[in-house]
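# Coordinates in review
Given next are the chains, with one letter for each unit.
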Amino acid sequence: MKGVSFLKGIPVKKLFAENESLGYGLLKTITYPFEALSFISDYIKKAGPTLAPRIYEQKGEDIWIARSVKVTPTASITGPCIIGEVAKKQYEY
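Described below are features of the structure shown in this document. From a predicted model like this one, the values you see are computed outputs, not experimental measurements. (Residues numbered from 1 in each chain as written. Predicted model: local features only at pLDDT ≥ 70, side-chain atom pairs only at ≥ 80, totals over all residues. Heavy atoms only, no water.)

This next bit is on the sheet that holds strand β1 (residues 56-60). Think of a sheet as strands paired side by side through backbone hydrogen bonds, with each pair either parallel or antiparallel. As summarised here, the arrangement of the three strands in space is β1-β2-β3, forming an open sheet in which the pairing is mixed. In this open sheet, the two edge strands, each paired with only one partner strand, are β1 and β3 (81-83). Strand-to-strand twist of the sheet, defined as the mean angle between neighbouring strand axes without regard to direction, takes the value 20°. (Pairing = 2+ DSSP bridges. Helix = DSSP H or I, 4+ residues; strand = E, 2+ residues; numbered from the N terminus. Axes fitted to C-alpha atoms, helices over the stretch in contact; angles between N-to-C directions.)

Rendered as C-alpha cells:
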C-alpha cells in the first residue's frame, strides 16, 4: 500500500495498550494499524449494540455517541460511527 509503508514497522501492540480503546477487540486481531481499515465498519455495527446504554446513546442507524459528549445540533454524522467519551487523561500543550 503506497502511502502507509512507513506504518509497516509499527505494530499495533506498540501503539495501543490493551483495553485503551473501544476498538481494541479489532486491533488485537491484526498486526499493523492500516489492516483494520477494511474491518472497521462491521466491527462498529457489532460493537455498537453492546455498548452500555448508561454511557452511550444510539442516535441513528449504526451511530452511538457517549452521553458525555456534546455534539452541535447542526453536525452531520453518518454511520457506522462510535463517538467515545472524552479521555480522562489531561494533556498540556
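Let us now look at the nonpolar core. The nonpolar side chains of a soluble globular protein tend to be buried, and buried together. Counting eight residues, the largest nonpolar core is built from Ile44, Leu51, Tyr56, Ile63, Trp64, Ile65, Ala66 and Val69. For this core, the element with the most residues is strand β2 (residues 63-66), which contributes four residues. Core analysis: the second largest hydrophobic core is formed by six residues, Val12, Leu26, Ile30 and Ala36 among them. (Core = buried A, V, L, I, M, F, W, Y, C linked by side-chain atoms within 4.5 Å. Buried < 20%, exposed > 50% of the residue type's maximum accessible area, 1.4 Å probe, protein only.)

Right, let's get into the environment of Pro80. Looking at the element boundaries, Pro80 is found in the loop between β2 and β3. When its relative accessible area of 26% is taken as the criterion, Pro80 is described as partly exposed. Counting along the chain gives 35 residues from Pro80 to Lys45, while the straight-line C-alpha distance between them is 6.4 Å. Setting aside residues up to four positions removed in sequence, Pro80 forms contacts with Ser41, Ile44, Lys45 and Asp62. (Contact = heavy atoms within 4.5 Å.)

Keep in mind that these numbers describe shape and distance, not what the molecule does.
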